[in-house]
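# Observations on the three-dimensional arrangement
Here are the chains, one letter per residue:
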Amino acid sequence: IAAATGVAGAWLSPPPALLAAALTTSGPFSAEGPATPELPFPALVAVPLPALAGLPPGILAVAGADGADGADGEERPPLDLLGLIASQIAARWEALQRLAALEAEQRELYRQLGQLRRLKEGLRVLRPAIDQIADAVLVTSPDLEAPGPTVLYANPAAARLLGYGEEEMGGMSVRRLYAPETDAAALERLWRALGAGRPARATLATYRKDGRTLWLERQVAPVRNASRQVTQLVSVLREVPA
């Protein structure tokens with residue numbers, strides 16, 4: 001429209017009546033009206049566009065004549081043709097939106113994969129030492145919503161203390177370890193501190209695999225990456241008298 005009228009943008013302030021109606025509608029819009037110097041095309045089709053790659057949502061407006069021959073004898077495109085053009089452009093815009101979303105998901109997956117590789121490398125270096133210490137050590141995911149956190153690594157002392165095999169504990173939710181006698185308020189304080197990214201300590205009644213209840217003091221510290229995001233939780237478990 002700006003190219004046809006020679007107006008670079010001032011025609012939008014205020015917009016012509018036909019265009020003003022299109023800008024205020026929430027769905028597809030089509031109308032015909034009188035030609036004006038600002039909008040010399042009496043037919044207008046507008047289609048809403050979704051937000052794309054951080055850009056706000058917008059409106060695609062296609063203006064033309066009503067299909068009758070113009071004063072110069074040239075045939076004008078009918079209103080339904082303008083609608084088809086607008087719809088096709090809008091469909092391609094939505095396809096670009098989906099592509100941008102997929103690319104964002106792919107970048108997030110690459111980021112998580114990099115974190116996992118760094119974790120495995122760190123465990124490879126530290127595991128010989130952690131495997132030999134007497135204290136029970138668990139490394140878990142940082143997600144606190146059920147069914148998380150899940151066990152990423154358990155040293156032999158933790159497996160023996162809890163009655164599981166080391167491989168058996170991999171991927172297991174730590175929520176399975178809590179007994180009916182577990183103090184719900186103490187557990188809630190533990191989750192709240194970890195959710196705020198702070199180290200925490202609590203003494204909790206805990207189930208072994210064989211069903212026997214242990215009282216374990218659990219000291220948990222969050223592990224952060226270079227961006228200061230919590231990527232794992234490291235717990236040290238010690239049995240205490242009931």
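Placed above this text is the structure.
Here we summarise the structure given alongside this text. (Residues numbered from 1 in each chain as written. Predicted model: local features only at pLDDT ≥ 70, side-chain atom pairs only at ≥ 80, totals over all residues. Heavy atoms only, no water.)

Before going further, it helps to examine the overall build of the protein. Helix and strand counts for the protein come out as 6 helices and 8 strands. For the protein, the N- to C-terminal ordering of α and β elements is α-α-β-β-β-α-β-β-α-α-α-β-β-β. For the protein, the proportion of its 242 residues judged to be buried stands at 36%. In the protein, of all internal contacts separated by at least 6 residues, the share reaching a separation of at least 24 is 42%. Accessible surface for the protein amounts to roughly 14200 Å². Of this, 57% is attributable to carbon and sulfur atoms. (Helix = DSSP H or I, 4+ residues; strand = E, 2+ residues; numbered from the N terminus. Buried < 20%, exposed > 50% of the residue type's maximum accessible area, 1.4 Å probe, protein only. Contact = heavy atoms within 4.5 Å. Areas by Shrake-Rupley, 256 points an atom, 1.4 Å probe, with all protein chains shown as cover.)

Glancing now at the pairing of strand 6 (residues 200-207). One ladder, built from 8 bridges, connects strand 6 with strand 7 (residues 213-224); its direction is antiparallel. In the strand pairing of strand 7, T203 is matched with E217. The hairpin turn running from strand 6 into strand 7, its antiparallel successor, is 5 residues long, and G211 in that turn takes a positive phi close to 95 degrees. (Pairing = 2+ DSSP bridges.)

Enumeration over the complete set of coordinates arrives at 4 salt bridges. When the shortest N-O distance is used, the salt bridge between R238 and D135 registers 3.0 Å. Placement of R238 in strand 8 (residues 230-239) and of D135 in the loop between helix 3 (79-132) and strand 4 (136-140) is noted, with a sequence separation of 103 residues between them. Where D210 meets R208, a salt bridge forms, and the shortest distance between an N and an O atom there is 3.3 Å. (Salt bridge = Lys/Arg side-chain N within 4 Å of Asp/Glu carboxyl O.)

As a further point, take unusual backbone geometry. Both trends apply: most residues other than glycine have a negative phi, and most peptide bonds are in trans. Look at the link from A146 to P147: it is a cis peptide, with omega at 10 degrees. With respect to the helices, strands and loops of the structure, P147 is situated in the loop between strand 4 and strand 5 (151-154).

Quick look at the sheet that holds strand 6 now. Taken in spatial order, the 5 strands line up as 5-4-8-7-6 in an open sheet, and their pairing is antiparallel. Edge positions in the sheet fall to strand 5 and strand 6, since each of these pairs with one other strand and no more. Across the sheet, the axes of successive neighbouring strands diverge by a mean angle of 30 degrees, strand direction being ignored. (Axes fitted to C-alpha atoms, helices over the stretch in contact; angles between N-to-C directions.)

A surface patch of nonpolar side chains, amounting to about 290 Å² of accessible area, comprises Y110, L113 and L116. Along the polypeptide, L113 turns up in helix 3. (Patch = residues over 30% accessible without salt bridge, like charges linked within 9 Å, V, L, I, M, F, W, Y side chains within 5 Å.)

As a further point, take the side chain of T140. Within the secondary structure layout, T140 lies in strand 4. Setting aside residues no more than four positions away along its own chain, T140 makes contact with P149, T150, V151, L152, V174, Q232 and L233.

The next subject is the packing of aromatic side chains. Applying the stated criterion across every chain, the model contains 1 aromatic pair. An angle of 75 degrees between the planes, with centres 6.4 Å apart, marks the rings of Y178 and W191 as edge-to-face. In this pair, Y178 sits in the loop between helix 5 (166-169) and helix 6 (184-195) while W191 sits in helix 6, placing the two residues 13 residues apart along the sequence. One exposure class covers both Y178 and W191, and it is buried. (Phe/Tyr/Trp six-rings, centres within 6.5 Å; stacked < 30°, edge-to-face > 60°.)

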